[in-house]
Amino acid sequence: MSKLDALREMTVVVADTGDIDAIRTHKPQDATTNPSLILKAATLPAYQAHIKAALAWAKTANNGEDFIINACDHLAVAIGCEILDIIPGLVSTEVDARLSFDTEAMIKKARKLIAMYADAGVSSERILIKIASTWEGIQAAKQLEAEGIHCNLTLLFNFTQAVACAEAGATLISPFVGRILDWYKAQDPSADYSGENDPGVVSVTQIYNYYKQHGYKTVVMGASFRNTGEVEALAGCDKLTISPDLLAALTADSTPLERRLEPAKAFTDIERHSVSEAQFRWAMNEDTMANDKLADGIRRFAADQVLLEQQLSELA
């Protein structure tokens, strides 16, 4: 048995890619996309027909939105639909990162994406709308969940973010592992960050234990892995979204895999609590890593969204 097969027995494996060929190869339950992955996928020959269709649709759309924004949304939904033809589970489609501090704009965009999936014959039950874990994003998710639109709160680096997401009733969170490690390695490159010493692993483990002990239904999906050691250290987490190269490495490894997380053994001495806006903002202000990485992640996704828009503009 490969490590990937062993992992599947304790964790839902999710592909962190928009590459159809990679998804076919690794056969994940779910898949996640983001602006960076959509930008990368748009360069692949398999998606050129989707780009043409997106531009053609955008020329006829009469919804008050910009032509290129409509084309980008159509492309994201088309890629999501193609992925859903292959996988049995869910696909995550991300809201434009430039809307991350505008609750109403995120709600409007999420409703638009869900409507576009519906027009393509895809039920909202198979879609997770990805929203950055800003305070505004969490409030948008709270409203969307109340409407039956399921959300994936992404760019999550901080325990207070996780508490606020669970209290808002988010379907799933994506706490980032590798980007947390990146920050700490930049601060102290000589420290031992292997295995359970990895600060990203520590963060996800704390969140997982808190959720399980206090009975939250929000799914914990570790994301942004830098190496297979991080994946192995979180074996047993509800879900793990893993890039194709790490999925391939786990497939090639047949050594035993130990389960590290499970609900029955979850323990935390942190009492269940809610978080006000003021408490949320103060906690983020006090956590330099989380504040830096959230802002950096939003900037990176926004920059890739702009590049995608430029690429489609050139083809229009």
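Scroll up to find the structure.
Residues numbered from 1 in each chain as written. Predicted model: local features only at pLDDT ≥ 70, side-chain atom pairs only at ≥ 80, totals over all residues. Heavy atoms only, no water.

### Quick word on the packing of helix α4 (residues 48–60) against helix α5 (residues 67–84)
The description of two helices packed together rests on the angle between their axes and the distance between the axes. We count it as follows: Axis lines are fitted through C-alpha atoms, for helices just across the contact stretch, and the angle between N-to-C directions can take any value from 0 to 180 degrees. For helices the rule is a DSSP run of H or I covering at least 4 residues; for strands it is a run of E covering at least 2, with both sets numbered from the N terminus onward. The scheme is simple: roughly parallel for angles under 35 degrees, roughly antiparallel for over 145, roughly perpendicular for 65 to 115, oblique for anything else. Handedness of each helix crossing follows the sense of rotation of the near helix against the far helix: counterclockwise by less than a right angle gives left-handed, clockwise gives right-handed. In this analysis, two residues are considered to be in contact whenever any of their non-hydrogen atoms come within 4.5 Å of each other. Note on residue classes: Ala, Val, Leu, Ile, Met, Phe, Trp, Tyr, Cys and Pro are nonpolar, Asp, Glu, Lys and Arg are charged, and everything else, Gly too, is polar.
For the pair α4 and α5, the least separation of the axes is 8 Å and the interaxial angle reads 135°. Overall, the two elements α4 and α5 adopt an arrangement that is oblique. Viewed along their axes, α4 and α5 form a crossing whose handedness is right-handed. For the pair formed by α4 and α5, the contact residues are H50, I51, A53, A54, L55, W57, A58 and K59 on the first element and F67, N70, A71, H74, L75, A78 and E82 on the second. Considering only residue class, the contact of α4 with α5 consists of 10 nonpolar, 3 polar and 2 charged.

### Description of the sheet that holds strand β7 (residues 219–222)
In plain terms, the rule: For two strands to be treated as a pair, DSSP must find no fewer than two bridges joining them.
Sheet architecture is closed into a barrel: 8 strands sit in the order β1-β2-β3-β4-β5-β6-β7-β8, paired in parallel fashion. The average angle at which neighbouring strand axes cross in this sheet is 30°, direction not considered. Summarising the sheet, strand β4 (residues 127–132) and strand β5 (residues 151–156) pair through 4 bridges and their orientation is parallel. The partner of I129 across the bridge, within β5, is C151. This element, helix α14 (residues 288–315), spans β3 (91–94), β4 and β5 of the sheet and lies at about 115° to β5.

### Focus: α4
For the record, the criterion: Multiplying 1.5 Å by the helix residue count minus one yields the expected span of that helix. For every residue, the accessible area obtained with a 1.4 Å probe (protein chains only) is divided by the maximum for its type, and the residue is called buried under 20%, exposed over 50%, and partly exposed between those limits. For this quantity, the arc is that covered by the directions from the helix axis to the C-beta atoms.
Taking 1.5 Å of rise per residue, 13 residues should cover 18 Å, and α4 covers 19 Å from first to last C-alpha, within 8% of that figure. By the burial criterion, the buried members of α4 are H50, I51, A54, L55 and A58. Down the axis of α4, the smallest arc covering the buried residues is 135°, so these residues share one side. Of the residues in α4, the exposed ones pointing more than 90 degrees away from the buried face are A49, K52, K59 and T60.

### As for the nonpolar core
The following threshold applies: Definition used in this section: a nonpolar core is a set of buried Ala, Val, Leu, Ile, Met, Phe, Trp, Tyr and Cys residues joined via side-chain atoms within 4.5 Å.
Of all hydrophobic cores here, the largest spans 100 residues; its most connected members are L7, I129, I131, L153, I173, Y211 and I242. Among the elements that take part in this core, α5 stands out by supplying 9 residues, more than any other. With sequence-adjacent residues up to four places away left out, I129 is seen in contact with T93, V95, A110, L113, I114, I149, H150, C151 and N152.

### Considering the packing of α5 against helix α6 (residues 103–119)
Following both chains from N to C, one finds α5 and α6 inclined at 50°, their axes separated by 10 Å at the closest point. Judged by the angle between their axes, α5 and α6 are oblique. For the element pair α5 and α6, the recorded crossing hand is right-handed. In this structure, α5 contributes I69, N70, D73, H74, A76, V77, G80, C81 and L84 to the contact, and α6 contributes K109, K112, L113, M116 and Y117. A per-class count over the contact of α5 with α6 returns 8 nonpolar, 3 polar and 3 charged.

### Re the side chain of K109
Positionally, K109 belongs in helix α6. Under the relative-accessibility criterion, K109 is labelled buried at 6%. Excluding its chain neighbours within four sequence positions, the residues that come into contact with K109 are E65, I69, D73, V95 and L99.

### A closer look at the layout of surface pockets
Over the atoms rolls a probe the size of a water molecule, and its path tells where empty space is left. Rules: In this analysis, the protein atoms alone were mapped onto a 1 Å grid. Cavities are point sets where a 1.4 Å probe fits without being able to get out; pockets are open sets with protein on both sides within 12 Å along at least five of seven lines; lining residues have an atom within 4 Å of a point. Grid points are joined across faces, edges and corners, and a volume is the space filled by probe spheres set on the points.
Taken as a whole, the largest pocket spans an internal volume of roughly 370 Å³. Around the largest pocket sit 22 residues that line it, and D16, S224, F225, R226 and S243 are the ones nearest its centre. Where the lining of the largest pocket is concerned, the elements lending two or more residues are α3 (35–41), β5, β8 (239–242) and α12 (244–252). Residue composition of the lining of the largest pocket, by class: 8 nonpolar, 9 polar and 5 charged.

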